[in-house]
Amino acid sequence: MKITDAKVLISSPGRNFVTLKVYTDDGIYGLGDATLNGRELAVAAYLSEHLVPCLIGRDPFQSEDIWQYFYRGAYWRRGPVTMAAIGAIDIALWDIKGKALNTPVYNLLGGKSRTGVMVYGHANGRDIEETIDEVGKYAAMGYRAIRAQSGIPGIPSTYGVAKDKLYYEPAEKGLPPENLWSTEKYLLYVPKLFESLRLKFGDDVHLLHDAHHRLTPIEAARLGKSLEPYHLFWLEDAVTAELQEGFRIVRQHTTTPLALGEVFNTIWDAKTVITEQLIDYIRMATVHSGGITHLKKVASLAEIYHVLTGCHGATDLSPVSLAAALHFDISVNNFGIQEYMLHTKQTDEVFPHTYSFSDGYLHPGDGPGLGVDYDEKLASKFPYERAYLPVNRKLDGTMYNW
Ligand code: KDG
Ligand code: MG
């Protein structure tokens, strides 16, 4: 089998997505996700200008060699643009292989290791009362794990609080909106939120929280410690992780489980935190870390160090990415949990898929390949519009991490 062509498809059904469609000489095509939130066209150009010309004529079954060709062969390695482009190709090749062999991708990755993929949903409110209501809605829908984020009194905007409850979408059309931030207020408020949630919902539901890279190591240590009575499933992205060693300080002070890595792109970004057992969950996504091929290697390294997986699954990861994650999740032994943010109806219509939710679990479906398609005609009704994630400033105007 030979690859005959590959098209980069850009559309905005509910939000912007970049999708790669790889064609072969026996009529099978595969889909990959290449979406990099707020930097979509950089990946699209990297793919169409630099990678697609080298892809034509290759055997799609040689996904390992093709991966190495684009990673080692580029000279310029790593980084989100490069790795999302390689990730899109890799995901599309696994899709082709599954379709050609008439089997779901998970069967090519070792087969099912579990009956379903436990997911966590996103509950968020402007204050504790509203957040409690939202957590209640997810519990009623059958979710066993729920991430809770709350606005903080005295700060006009807070990360993770949706305008449209079930469909949280942080990217906005136009130039980047500016948010405000106070670590002092946040550190006082979050323990109260989780105390209220445990009082209301008891101990059984898994509760998660995302600090979104906004704390220093010692601040994260304090937050982790203050949340211990409420036994979180995880505290995510407590500190920016360019300095992986910073997590030594957090780890020394708290038993709250730590999750990290949605912005990581290669195994090197996670090497210290995994091998020193500084985290409990690695959050890298198939799309942003070079596809299924590379993420399998990350999971294998993590497995030796008692680190479980918890793939990123926000709305900017298209249904193609989500499907790739589900095939990966259901097959690796050290799976932990999968993030699941509902896509809008428009997104789901443009990307018809076989995965389904029931009773707190996602199931990838048992059809050949990844089980996702792309309706090009419908997608053409939703043209790309530039959109950005917000930026963030401290109350005194200092530029900070979003
Ligand atoms: O593109 C960035 C979003 O995916 C991010 O804000 C979502 O932090 C996030 C999460 O945990 O899903
Ligand atoms: Mg996050």
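Residues numbered from 1 in each chain as written. Chains lettered and ligands numbered in written order. Predicted model: local features only at pLDDT ≥ 70, side-chain atom pairs only at ≥ 80, totals over all residues. Heavy atoms only, no water.

Now for a nonpolar patch on the surface. A cluster of nonpolar side chains, namely M141, L166 and Y167, defines an oily patch on the protein surface of about 230 Å² accessible area. Mapping Y167 onto the fold places it in the loop between β5 (145-150) and β6 (172-173). (Patch = residues over 30% accessible without salt bridge, like charges linked within 9 Å, V, L, I, M, F, W, Y side chains within 5 Å. Areas by Shrake-Rupley, 256 points an atom, 1.4 Å probe, with all protein chains shown as cover. Salt bridge = Lys/Arg side-chain N within 4 Å of Asp/Glu carboxyl O. Helix = DSSP H or I, 4+ residues; strand = E, 2+ residues; numbered from the N terminus.)

This brings us to the coordination of the magnesium ion (ligand 2). The coordination sphere of the magnesium ion (ligand 2) contains the protein donors D210 (OD), E236 (OE) and E262 (OE), at a distance range of 2.0 to 2.2 Å. The motif formed by the donor residues of the magnesium ion (ligand 2), counted along the single chain, is D-x25-E-x25-E. Taken together, the residues D210 in strand β8 (residues 206-210) and E262 in the loop between β10 (258-260) and α9 (267-275) connect sequence positions 52 residues apart. This pair shows no difference in class: D210 is buried, exactly as E262 is. (Donors = N, O, S within 2.8 Å, 3.2 Å for Na, K, Ca; no water. Buried < 20%, exposed > 50% of the residue type's maximum accessible area, 1.4 Å probe, protein only.)

In a regular helix each residue adds 1.5 Å, so 13 residues correspond to 18 Å; helix α5 (residues 128-140) covers 18 Å between its end C-alpha atoms and thus fits that length. By the burial criterion, the buried members of α5 are I128, E130, T131, I132, E134, V135 and Y138. For α5, the secondary structure elements touched by its buried residues are β4 (117-125), β5 and α6 (183-201). Of the residues flanking the end of α5, it is G142, one or two places downstream, whose phi is positive at about 105°. (Expected span 1.5 Å × (residues − 1). Contact = heavy atoms within 4.5 Å.)

The next subject is the environment of R126. Position of R126 relative to the elements: it lies in the loop between β4 and α5. For R126, a relative accessible area of 61% corresponds to the exposed category. With 24 residues separating them along the chain, R126 and S150 place their C-alpha atoms 5.6 Å apart. The residues touching R126, leaving out its near neighbours within four places in the chain, are S150, G151, I152 and V161. A polar side-chain atom of R126 sits 2.4 Å from a polar atom in the side chain of E130. (Polar contact = N/O pair within 3.5 Å; in protein donor to acceptor, adjacent residues only side chain to side chain.)

Viewed as axis vectors pointing N to C, helix α7 (residues 217-227) and helix α8 (residues 246-253) meet at an angle of 25°, and their least axial separation amounts to 8 Å. Considered as vectors, α7 and α8 are oriented roughly parallel to each other. Crossing of α7 over α8 shows right-handed handedness. Judged by residue contacts, P217, I218, A220, A221 and K225 of α7 engage G246, I249, V250 and H253 from α8. The class makeup of the residues in the contact of α7 with α8 is six nonpolar, two polar and one charged. (Axes fitted to C-alpha atoms, helices over the stretch in contact; angles between N-to-C directions. Parallel < 35°, antiparallel > 145°, perpendicular 65-115°, else oblique. Left-handed = near helix turned anticlockwise from the far one by under 90°. Nonpolar A, V, L, I, M, F, W, Y, C, P; charged D, E, K, R; others polar.)

The next subject is the domain arrangement of the protein. For the protein, the domain assignment lists domain 1 (3-103) and domain 2 (108-369). Distance from the C-alpha centre of domain 1 to the C-alpha centre of domain 2: 26 Å. In this complex, domain 1 contributes 34 residues to the contact, which on the side of domain 2 involves 35 residues. Both faces considered, domain 1 and domain 2 share a buried interface measuring about 2,700 Å² in area, 62% of it formed by carbon and sulfur atoms. (Domains from an automatic or database assignment. Buried area = accessible area lost by both parts, 1.4 Å probe.)

With that settled, the discussion passes to the site of ligand 1. Around ligand 1 sit 14 residues in total, of which N37, E236, E262, D316 and E339 are the nearest. The separation between an oxygen atom of ligand 1 and a polar side-chain atom of R147 is 3.2 Å. Between ligand 1 and D316 there is a distance of 2.7 Å, counted from an oxygen atom to a side-chain nitrogen or oxygen. Taken together, the residues of the shell around ligand 1 sort by class into four nonpolar, three polar and seven charged. (Near = heavy atom within 4 Å.)

Another point: the sheet that holds strand β3 (residues 29-33). Hydrogen bonding along the main chain pairs the strands of a sheet, whether they run parallel or antiparallel. Overall, antiparallel pairing links the three strands, which are arranged β1-β2-β3 in an open sheet. Each edge of the sheet is formed by a strand with only one pairing partner; in this case those strands are β1 (3-11) and β3. Strand-to-strand twist in this sheet, taken as the mean axis angle between neighbours without regard to direction, amounts to 20°. Here eight bridges tie β1 to strand β2 (residues 17-24), and the two strands are oriented antiparallel to one another. Across the sheet, the residue bridging to V8 is L20, located in β2. Across the face of the sheet, helix α3 (residues 80-100) comes into contact with β1, β2 and β3 while running at roughly 145° to β3. (Pairing = 2+ DSSP bridges.)

Within the open sheet, the three strands sit side by side as β7-β17-β18. Their pairing is mixed. In the strand order of this sheet, the two ends are held by β7 (178-181) and β18 (399-400), each with one partner.

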